[in-house]
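# A closer look at the structure
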Amino acid sequence: MKTESTSKPADQADADAIVVSVRDGGPLPPAAAELDRAAAGLLQRLVASGEISTRELSCTRLPGVSGIKAGVVLVVGLGKPPSSAANHGREGLAYRAAATAARMLAARPRKSVAFALDLHPLEDIVAGAITGCVGQDLYRHDKNITSFERLLFAGALADDLHRGGSLGHSINLARRLVNQPPSEIFPESFAEEVQRVAQGCGCTAEIWDRHRLEKERCGALLAVAKGSDREPRLAIIDWQGNPGGGPPLALVGKGVTFDSGGLSLKPADAMLDMKMDMAGAATVLGAIQTIAQLKLPVNVTGYMGLVENMVSGRSYRVGDVLVARSGKTIEVHNTDAEGRLVLADVLDVALSRGVARIVDLATLTGACMVALGKHVVGGMTNHQAWYDRVAAAAASVGESVWQLPMFAEYADQIKGQVADIKNVGDGRWGGAITAAKFLEQFVGDTPWVHLDIAGPAFLDKPLPWCDGGATGYMLRTLVELASSLASGQD
């Protein structure tokens, strides 16, 4: 997709379709007002009669409007005006509105679409437009969603196009990796993607194969991988945007490229979307790509633990005792609680390399969805100020995170009888928190935030702004977090 800025009046937009916006009450925004004048007051009349809805993210398609060059006018409702200029267009509305419009228009092939939305920041509009016209139908001959060849943005600066374009394409990278089948994306092929991304954006990449993992004593990660014919990998990608600027931020992603549950086998229906169990790793990779492409003056290292959790005579078993890289011993009570075992070793690798702060992302527990539903991330931490920083980044881009408690008594549930700890808590209750308390054992005193993205990372059915399947959720948060660190914001 080619992105361009345009300064032409809305009624003269050189595109197959033009997207404008309206709000509840008040005059039409400038671009919509231009179209209204060219169309002899048609838009104002349709808004007044209710034929054009002003409800947030509603879309009204007007084909062949006399006096307007574009063949289709799409009017997006933005709801009530913002309460203050400070949040005008923030909290994700610009991204969602552009993505919603793009997704609707992409239902049929179009060469070019112009966006003239009354929202800021423009980089969010660019990113939303790029992601909205890409779907999960990677292998369909008859596409449900067709990308545009050319996107035009009214009033956009070169920096808006660069930042928004990088974000949009990185989100689509993460979505593609998650949406591809596990026959295509497995530990080795994912590691090759990491190397390709690093080469393309000026990062360095380091890949640990099974022999290196054995040498490094990554016993928990290796145990999960034992049942698969696909050998595990640890992929490390490093961006040094501020050489000499101190220890990096570590972004750690769970990369279980397919999860059968192991010997604690999942039912077939529960396996259907388990290609998405590497969404944490995909999100980390996409975020690092954008951080590097934007040349943010911050040091960030991504760590991705890549395994398949499969069934064979070599599979690790319930009752096994594992020795993690840190030296902690772990009783296995459920082989389907494998992601925390992978992360235990990956977190220890990050810690041993000297990091300032850690954020890990993982499709870790169904319990988090029970607690918060499918559209909210569960956040847990050992350091409140660091959590607040991450949560502020998420709020500013409109990605929903809710903090869960990390009370000491939850740690009692993972104490082992045979080994130091066990890989599940006592029964069903509080499963997202006991999983986080397990991970906490491997981060020491380093400020750490765990993000359980099990719900929002993958959609069973489409939302207005995103096709079903992978979402790239929290990638924008990670980039915003890195930007705030680079600028020294508190």
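Residues numbered from 1 in each chain as written. Predicted model: local features only at pLDDT ≥ 70, side-chain atom pairs only at ≥ 80, totals over all residues. Heavy atoms only, no water.

With 98% of its residues at a pLDDT of 70 or more, the protein chain shows a mean pLDDT of 96. With pLDDT under 50 throughout, residues 85-90 is counted as low confidence; its partners more than four residues away or in other chains account for 16 contacts. (pLDDT = per-residue confidence, 0-100. Contact = heavy atoms within 4.5 Å.)

In the structure shown here, the tally under the stated rule is 3 aromatic pairs. Summarising the aromatic geometry, the rings of F115 and F153 are spaced 5.6 Å apart at their centres and angled 20° between planes, so their arrangement reads as stacked. One end of the pair, F115, is in strand β5 (residues 112-116); the other, F153, is in strand β6 (residues 150-154), and 38 residues separate them in sequence. F153 sits in the buried class, given a relative accessible area of 1%. (Phe/Tyr/Trp six-rings, centres within 6.5 Å; stacked < 30°, edge-to-face > 60°. Helix = DSSP H or I, 4+ residues; strand = E, 2+ residues; numbered from the N terminus. Buried < 20%, exposed > 50% of the residue type's maximum accessible area, 1.4 Å probe, protein only.)

The next point concerns the sheet that holds strand β16 (residues 421-422). What holds strands together in a sheet is hydrogen bonding between their backbones, with the strands either parallel or antiparallel. An order of β11-β12-β16 is seen for the 3 strands of this open sheet, with the pairing classed as mixed. The open sheet terminates on both sides in strands that have one partner only, identified here as β11 (321-323) and β16. As paired strands, strand β12 (residues 329-331) and β16 are joined by 2 bridges and run parallel to one another. Paired with E331 across the bridge in β16 is K422. (Pairing = 2+ DSSP bridges.)

What follows covers the packing of helix α6 (residues 187-201) against helix α10 (residues 279-293). Two numbers describe how α6 lies on α10: the axes approach to 9 Å, and their chain directions differ by 10°. What the angle tells us is that α6 and α10 run roughly parallel. On α10, the residues that touch F190, E193, V194, V197 and C201 of α6 are A281, A282, L285, Q289, A292 and Q293. In the contact of α6 with α10, the residues fall into 8 nonpolar, 2 polar and 1 charged. (Axes fitted to C-alpha atoms, helices over the stretch in contact; angles between N-to-C directions. Parallel < 35°, antiparallel > 145°, perpendicular 65-115°, else oblique. Nonpolar A, V, L, I, M, F, W, Y, C, P; charged D, E, K, R; others polar.)

Moving on to the packing of helix α5 (residues 158-179) against helix α16 (residues 475-487). Where α5 contacts α16, the two axes come as close as 10 Å, and the packing angle between them is 135°. If you check the angle between α5 and α16, you find them oblique. Crossing angle aside, the handedness with which α5 passes α16 is right-handed. Taken together, the residues of α16 that come into contact with α5 (itself represented by R163, L167, S170, I171 and A174) are L475, R476, V479 and S483. For the contact of α5 with α16, the class distribution of residues is 5 nonpolar, 2 polar and 2 charged. (Left-handed = near helix turned anticlockwise from the far one by under 90°.)

Mapped onto the secondary structure, I236 falls in strand β8 (residues 233-240). Each C-alpha atom, one on I236 and one on L251, is 9.9 Å from the other, the two residues being 15 residues apart in sequence. Ignoring any residue separated from it by four or fewer positions in sequence, one finds I236 in contact with T204, A205, E206, W208, T301, G302, Y303 and R353.

With 13 residues, helix α3 (residues 93-105) extends 18 Å from end C-alpha to end C-alpha; this agrees with the ideal 18 Å at 1.5 Å per step. Burial in α3 covers these residues: L93, A94, Y95, R96, A97, A98, A99, T100, A101, A102 and L105. (Expected span 1.5 Å × (residues − 1).)

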